[in-house]
Each structure stands twice: as structure tokens, then as C-alpha cells.
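Overview (structure and organization)
In case you want the letters, here they are:
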Amino acid sequence: MYRLTLKCLSLNFLLLISSLSSRFGTCDARHSVYWKGNRRSIAQGESSGTINVLDHGAKGDGKSDDTKAFEDAWKVACKVAASTLLVPSGSTFLVGPISFLGKECKENIVFQIDGKIIAPTSAKFKSLKGITIKGKGIIDGRGSVWWNNAKMPRTKPTALRFYGSNGVTVSGITIQNSPQTHLKFDNCKSIQVSDFTTSSPGDSPNTDGIHLQNSQDAVIYRSTLACGDDCISIQTGCSNINIHDVDCGPGHGISIGGLGKDNTKACVSNITVRDVTMHETTNGVRIKSWQGGSGSVKQVMFSNIQVSNVANPIIIDQYYCDGGGCHNETSAVAVSNINYINIKGTYTKEPVRFACSDSLPCTGISLSTIELKPATGKASSLDPFCWKAHGELKTKTLPPIQCLKTEKSPEAASRSNNDAC
């Protein structure tokens, strides 16, 4: 069953079905509708407050464009408190870009999708934006059309995006083969993601599993993320993010950044990542920033992380440069109070890398119970790397991280002006 509840007075939500195919499980029979000859009958459980898209001109044959029928049905549902907009089972609806605007709607509207919604993979369709979702459905972005086709637009669709929303819940659904990011939150508060799955090949470009920016108070848990980029990407403006019980791989690990691109200011704080497993990923837990930025990343904890055949399990990189052409700059996003606790497993390239800024070194790095072993026959013999990294080893580590500076950074006095957030 696929049901979503809307509190329209507080949520402005947009659904743009764009370059994606959605499949949803059959709902309980109490909510079904059926046909007798040319007449549609209302099954038990469908009340007069149920607005069926078939009653507003939808064909449901998978070929006719049903976009206008969905728009018309929404206009009716929007005016009735606690109404249900029903996409019935047994039909396939071809729907182009569509917006469901909720700020002027009555409260507690339910959007119930029991059927299948598909959209063409034509380049004329743009990104998908926001809807609150729960259920067992599958959204298939059919992204292979976009990944390696030079004729498609450079701006690729995001499978599902929330913007400017409060109290967002995503639970139970699967998003696969997104053209770009699978699930994105921008300028949102009070987010909960659970029992969520992404499934895309490890070589699918820029297909982040979950992407957060300018968002606060998020909990992500009990989720399985396989993609071609960061399993979870945390960008500027994020704070109070709690991630736990997540399985990541393939992908690029869990990353904060890249921050400070094009000399911008970035602020990230109070991030907790715990009880996470990573396998066959290019990175484990990573903080990355561009030279020339400002602001800060602080109060971060990575705890109880199990890695298996991960190339680079622990990384801070203040020299991040995606695509080349970067040049040295003196300003940087300040990195401080970063805690690594109980990170264990195997690596294939470099166990620990702290590449911090010459002018604004990393401070307050803390490591405890780090046990990283080379994967048999796969790992290089590189030792941990540190540059301008200051902190404390609270226990012995494997391998020994002898390069971490324990004395206070002499540049710390200049930090307050640069990292003000």
C-alpha cells in the first residue's frame, strides 16, 4: 500500500514526474475500484471523499497522456479536508511534469497510489520536486538513458526532491536507477528517512543516494543505499543530522561536502554518523572542501563504522578538486572537533588521510579504537597521511597514526574570523 498524508497549511509540495517510471504495490481491497461494462463502481471503503483520477479523464492505458486528468483531480481533492486522491490499481498512467501545490489546500489530504505511474525518458522532461512518501513502491528513474548520452541535457533530473518543507517523512520506498541524485532535501526541517532503499550501479555518475543541503534536524536510519556517488551527501547549511543503521555500497561512502566551492561560505555542524556498514566503496567517512572557501565544519562524530574492501576509510581533504583546474588559495573552510570512534575493517588503498589547509589547519581531531587492515591481495602499503592535522589519539590505532600533531595549531588564533557561521 502506498499512502501519503499532506498537511497543506505547513507544506508546499511539488511533484514533478520527470523521466521516471514508478511501480507501486497493490493496495488493500478496501480501497480498490472496479469496472462493470462502461461504468465504474465504487468498492467498499471508497467514500464520497475519494477523488479518483479515472473520473477526471485519465485513461490509464500507459499510452495516453493523463497529466491533465491528474491536475484536475488534485484541484478537487485540494478543496476537501481529509479527502483522498486515488490512483487506482490495475492501470498504468502516463504522466508528464506535474505540480501539486499544497499551501492553499485543506488539511490532511491523502494521496493514495495503488496503480503504476510512468513517464517518458525524453529529454524534454525536467527534474522531479518533492512529495511526502511512505509505502512499498518502487520509483524507477530509468537513468541509463541519461548516464552516458551526450545528447541529453547536462542538468539531469533528481528522482525525488523536497524543497522548503517541514516535517518530511520518507519510509519504505525504493528508488532505483535515478538519472542523478535519488533523494534530495533542500531547505527542509524535521526530516525522517527510514527503511529506504536506493539501487543503482556503482558506475552510474553523480547518483547520490541521499543529498541534504540547507536542512536541519534530520534522522536517517535503517536504510540500504547502493549508488554511483555518495551514499549520503551533507552540504552547506546542514546541522543536527543523525545517521545510523545504514548499509552503504557500492558508492563513494558518506561525505560532508564538497564545501566552499567558488569561494563560498559553508556552515555544517552537529553531525552524527554511527552504526554504519560500508562495502566496496571508494571512500568511507569523508569531509571534503575546496580551497578558497570560508565557514566551518565542526562537532562531527563518526562512530561504530564497519568497512569492508573500502579504498579510503577515513578522509579529511581540504584540497578537494573535482574536474581539475584548481589553484592554491589561502582561505579555507575550517575543520574542527571531528571524532572518530570504533572504525574497523579492511581497506584497499590508504587507511587514513588528513590533508588539511596550510593556512587553516584541522584542529580537534580525535581518534579512538581504529583498526584498519589491508584487504588481502588488494591493499597498498601506504601509511596514514597527515598534513597540518592537529588532534589526539585516545587509544592505540592500527595502523599507528604517528603523523597527527598533538600540539596546538599556531594558526588557531585566526580561525574565529574565518569560520564564523
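Worth saying up front: this structure is predicted, and the values here are computed from it rather than measured. (Residues numbered from 1 in each chain as written. Predicted model: local features only at pLDDT ≥ 70, side-chain atom pairs only at ≥ 80, totals over all residues. Heavy atoms only, no water.)

Here we come to the overall build of the protein chain. From N to C terminus, the protein chain includes three helices and 32 strands. Counting the 421 residues in the protein chain, one finds 54% classified as buried. Considering only residue pairs separated by 6 or more positions, the protein chain has 76% of its internal contacts joining residues 24 or more positions apart. Accessible area of the protein chain: about 18,000 Å², with a carbon and sulfur share of 47%. (Helix = DSSP H or I, 4+ residues; strand = E, 2+ residues; numbered from the N terminus. Buried < 20%, exposed > 50% of the residue type's maximum accessible area, 1.4 Å probe, protein only. Contact = heavy atoms within 4.5 Å. Areas by Shrake-Rupley, 256 points an atom, 1.4 Å probe, with all protein chains shown as cover.)

All right, on to the sheet that holds strand β29 (residues 352-355) then. Read from one edge to the other, the open sheet built from nine strands follows the order β13-β16-β19-β21-β23-β25-β27-β29-β31, with strand pairing classed as parallel. Looking at which strands have only one partner, the edges of the open sheet turn out to be β13 (160-163) and β31 (385-387). Between one strand axis and the next, the sheet turns through 15 degrees on average, direction left out of account. Two strands pair when backbone bridges link them, and β13 and strand β16 (residues 183-186) are joined in this way by four bridges, in the parallel orientation. From the neighbouring strand, R161 faces β16, where its bridge partner is K184. (Pairing = 2+ DSSP bridges. Axes fitted to C-alpha atoms, helices over the stretch in contact; angles between N-to-C directions.)

The subject of this paragraph is the pattern of salt bridges. Applying the stated criterion across every chain yields a total of seven salt bridges. Of the charged contacts in the structure, one is a salt bridge between D186 and R161, with a shortest N-O distance of 3.0 Å. Separated by 25 residues along the polypeptide, D186 in strand β16 and R161 in strand β13 bring together distant segments of the chain. The class of D186 is buried, set by a relative accessible area of 8%. Judged by relative accessible area, which is 16%, R161 ranks as buried. A salt bridge links K288 to D230; its shortest N-O distance comes to 3.5 Å. In this pair, K288 sits in strand β25 (residues 283-289) while D230 sits in the loop between β20 (216-226) and β21 (232-234), placing the two residues 58 residues apart along the sequence. Using a relative accessible area of 6% as the deciding quantity, one classes K288 as buried. (Salt bridge = Lys/Arg side-chain N within 4 Å of Asp/Glu carboxyl O.)

Within the largest apolar cluster, 65 residues are counted, with the highest numbers of intra-cluster contacts made by F185, L212, F302, Y340 and F354. A domain split of this core shows at least three residues from each of domain 1 (48-229) and domain 2 (249-420). Apart from the residues within four sequence positions on either side, F185 is in contact with F162, V168, V170, I191, V193, I210, H211, L212, Q213 and S215. In terms of nonpolar packing, the next biggest core, distinct from the first, is built from 16 residues, V53, A69, W74 and V95 among them. (Core = buried A, V, L, I, M, F, W, Y, C linked by side-chain atoms within 4.5 Å. Domains from an automatic or database assignment.)

For the structure shown, the criterion picks out four aromatic pairs. Ring centres of W290 and Y320 lie 5.3 Å apart, and the angle between their planes is 85 degrees; this geometry places the pair in the edge-to-face category. On the criterion of sequence distance, the pair formed by W290 in the loop between β25 and β26 (294-310) and Y320 in the loop between β27 (312-317) and β28 (334-347) is long-range, its members being 30 residues apart. For Y320, a relative accessible area of 17% corresponds to the buried category. Ring geometry for Y340 versus F354: centroids 5.8 Å apart, planes at 40 degrees, classification tilted. Placement of Y340 in strand β28 and of F354 in strand β29 is noted, with a sequence separation of 14 residues between them. Over the ring of F385 we find R353, and its NZ or CZ is 4.3 Å from the ring centre. (Phe/Tyr/Trp six-rings, centres within 6.5 Å; stacked < 30°, edge-to-face > 60°. Lys NZ or Arg CZ within 6 Å of the ring centre and 35° of its normal.)

Our focus in this paragraph is the environment of T397. Topologically, T397 is positioned in the loop between β32 (389-393) and α3 (415-418). C-alpha separation for the pair T397 and I370, spaced 27 residues apart in sequence, amounts to 4.9 Å. Of note is the side chain of T397, whose polar atom sits 2.9 Å from the backbone oxygen of P399. (Polar contact = N/O pair within 3.5 Å; in protein donor to acceptor, adjacent residues only side chain to side chain.)

Attention now goes to unusual backbone geometry. Note that the residue after G257, namely G258, is joined by a cis bond; omega there is 10 degrees. Along the chain, G258 turns up in strand β23 (residues 254-259). Omega for the peptide link from L398 to P399 comes to -5 degrees, which places this bond in the cis form. By the element assignment, P399 lies in the loop between β32 and α3. For D195, which is not glycine, the phi torsion reads 50 degrees and is therefore positive.

Among the structural elements, S83 can be located in the loop between α1 (67-78) and β7 (84-87). Judged by relative accessible area, S83 falls into the buried class, the value being 0%. Within the structure, the side chain of S83 is placed 2.8 Å from the backbone oxygen of A77, a separation counted as a polar contact. In this structure the side chain of S83 is engaged in a polar contact, spanning 2.9 Å, whose partner is the backbone oxygen of V80.

Let us look at the state of the cysteines. Following the criterion strictly, the structure yields five disulfides and no others. At a sulfur-sulfur separation of 2.1 Å, the disulfide partner of C267 is C421. Between C267 and C421, the S-S torsion sits near -90 degrees, and that sign places the bridge as left-handed. Taken together, the residues span a long stretch of sequence, with C267 in strand β24 (residues 265-279) and C421 in the segment after α3 at a distance of 154 residues. There is a disulfide in this structure between C386 and C403, and the S-S distance comes to 2.0 Å. Across the S-S bond of C386 and C403 the torsion is about 45 degrees, and the bridge reads as right-handed. Here C386, found in strand β31, pairs with C403, found in the loop between β32 and α3; they are 17 residues apart in sequence, far enough to count as distant. Among the cysteines around C188, which has no disulfide bond, C238 carries the closest sulfur, lying 9.9 Å off. (Disulfide = S-S within 2.5 Å.)

So yeah, pure geometry; function would need other evidence.
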